[in-house]
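For reference, the chains in residue letters:
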Amino acid sequence: MLIATIMLTLTTPGAEPDWAQWRGPNRDGIIAGKAWPTTLNGLEQNWQINLAESYSGPIVTRDRIFVTETAGRKMEIVRALNRKTGKQIWEAKWTGSLSVPFFARSNGSWIRATPAFDGDSLYVAGMRDVLVCLNAANGEERWRVDFRKRYKTPLPAFGFVSSPLVTSDSVYVQAGASVVKLDKKTGKSSWRSLNDGGGMFGSAFSSPVLATLAGKKKLVVQTRTRLAGLDLTNGNVLWTQKVQASRGMNILTPNVQNDQILTSAYGGKTHLFEVSQSKGKFSVKEKWNVPIQGYMSSPVVIDGHAYLHLKNRRFCCINLKTGKETWRSKKPFGRYWSMIAQKNQILALDETGILYLIEANPNKL
């Protein structure tokens, strides 16, 4: 069995920001604060704990860290840890595992989505298409939604993959073979949109993003086959754009820059789309595309350039204005990366536990 570990290291003094959801405050992988150290000298490991397998990223608050895992191919576990010491504060668990299709099994059949935290509750997506709301103070369950029962949809072959998005009063998820807005206090559905009946493998992988495009704040979602903008009030589709992908492998989270959206697909291409509005009607058009295939790694954008880890394990830089690839690594890296960025620095963690610090340089790696 693979064992994941988590450790806290001493970086630089100053404010320690919260990381309350997938890809951070703006869901773009960008974090503020002081520059990360450029050498390992002076870094000290404060603590370490062993965890079972998980794809989920940690949620970090001022005093706590929340993590999820799948234990014994049977139980899904949520832990709250003391940020300074790593000691466990509480644990919640339930039966919730499943086995993914054979062609993806080497990547593991464990919990995938990263939870979301609103300062009071923790929203955790379980593999068997359930969303569980926990009291973040003590781990007690407040409500649970089983989307298969609610909407009579099939169990998604890859489980609940999309990470929930939480706002002041709502939770947005891609589950139940659709996009759903829930009341975050009760779990009741406010609306359901883009219902595709489950398709070949069920619900989408990509995580939703809140963004203002062409003057209107909307929910940007990437399903297994298309990119779309949804009205926040009623879920109406404001615009939609087909995105080609092998077996519907639209996995990464789209990156929104002004009125433009960057995305990339396994078995497809990398695209930049622009959303516009005329007389109250929205439209979307492609600015450019390049035959570069993203996979599981969501990109980061710095100073007009996108840094993208590819299906072939290479790392590349793309000029967003022109679509030109300015460089690509000669050597392969991990199968997938989790990336965050700060000013001109990128931290990239691969599936084996190797952490890279990379200069965001558009001219060379």
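Reading guide: rules and limits
- Residues numbered from 1 in each chain as written.
- Predicted model: local features only at pLDDT ≥ 70, side-chain atom pairs only at ≥ 80, totals over all residues.
- Heavy atoms only, no water.
- Helix = DSSP H or I, 4+ residues; strand = E, 2+ residues; numbered from the N terminus.
- Rg over C-alpha atoms; globule rule 2.2 N^0.38 Å.
- Buried < 20%, exposed > 50% of the residue type's maximum accessible area, 1.4 Å probe, protein only.
- Contact = heavy atoms within 4.5 Å.
- Lys, Arg positive; Asp, Glu negative; His and termini not counted.
- Charge placed at Lys NZ, Arg CZ, Asp CG, Glu CD.
- Pairing = 2+ DSSP bridges.
- Salt bridge = Lys/Arg side-chain N within 4 Å of Asp/Glu carboxyl O.
- pLDDT = per-residue confidence, 0-100.
- Core = buried A, V, L, I, M, F, W, Y, C linked by side-chain atoms within 4.5 Å.
- Polar contact = N/O pair within 3.5 Å; in protein donor to acceptor, adjacent residues only side chain to side chain.
- Axes fitted to C-alpha atoms, helices over the stretch in contact; angles between N-to-C directions.

(A) Expanded view of the overall build of the protein. From N to C terminus, the protein includes one helix and 29 strands. By the compact-globule yardstick of 21 Å for 365 residues, the protein fits well, its C-alpha radius of gyration being 20 Å. Viewed in the frame of its principal axes, the protein has a C-alpha envelope of about 55 × 50 × 40 Å. For the protein, the residues scored as buried account for 54% of the 365 residues in total. Taking the contacts inside the protein whose residues are at least 6 apart along the sequence as the reference set, 51% of them involve residues at least 24 apart. Charge separation in the protein, taken as the distance between the mean sites of 49 positive and 27 negative side-chain charges, equals 6 Å.

(B) Examining the pairing of strand β18 (residues 237–242) more closely. Strand direction decides the pairing type here: strand β17 (residues 226–230) and β18, joined by five bridges, are antiparallel. Bridge pairing links glycine 229 to tryptophan 239 in β18.

(C) Molecular detail of the pattern of salt bridges. Applying the stated criterion to the full structure yields ten salt bridges. A salt bridge links aspartate 18 to arginine 62; the shortest N-O distance between them is 3.4 Å. With aspartate 18 in the loop between β1 (4–9) and β2 (45–51) and arginine 62 in the loop between β3 (59–60) and β4 (64–71), this pair connects stretches of sequence that are 44 residues apart. Judged by its relative accessible area of 31%, aspartate 18 falls in the partly exposed class. A cluster of three or more residues bridged by salt bridges with shared partners is formed by Glu69, Arg79, Glu91 and Lys93.

(D) Just the confidence of the model for the protein, in detail. Considering every residue of the protein, the mean pLDDT works out to 91; 94% of them sit at 70 or more. Predicted confidence for residues 1–15 stays below pLDDT 50, and this span has 37 contacts to residues more than four positions away or in other chains.

(E) Looking closely at the nonpolar core. Residues Phe66, Val78, Trp90, Leu122, Val124, Leu134 and Phe158 are the most contacted members of the largest nonpolar core, which totals 25 residues. Secondary-structure elements contributing two or more residues to this core are β5 (75–82), β6 (88–95), β8 (121–126) and β9 (130–135). When sequence neighbours within four positions are dropped, the list of residues in contact with tryptophan 90 reads Arg64, Phe66, Val78, Arg79, Ala80, Leu122, Leu134, Asn135, Ala136, Ala137, Asn138 and Gly139. Listed in part, the 17 residues of the second largest apolar core include Ala116, Trp143, Phe147 and Val173.

(F) Examining the side chain of arginine 79 more closely. For arginine 79, the location among the structural elements is in strand β5. Of note is the side chain of arginine 79, whose polar atom sits 2.8 Å from the side chain of glutamate 91. Apart from residues no more than four positions distant in its own chain, arginine 79 is found in contact with Leu51, Ile65, Phe66, Val67, Glu69, Gln88, Trp90 and Glu91.

(G) The arrangement of the sheet that holds strand β16 (residues 216–222) in detail. Reading across from one edge, β15-β16-β17-β18 is the order of the four strands in this open sheet, with antiparallel pairing throughout. Each edge of the open sheet is held by one strand with a lone partner, namely β15 (209–213) and β18. Neighbouring strand axes in the sheet, compared pairwise and without regard to direction, differ in orientation by 30 degrees on average.

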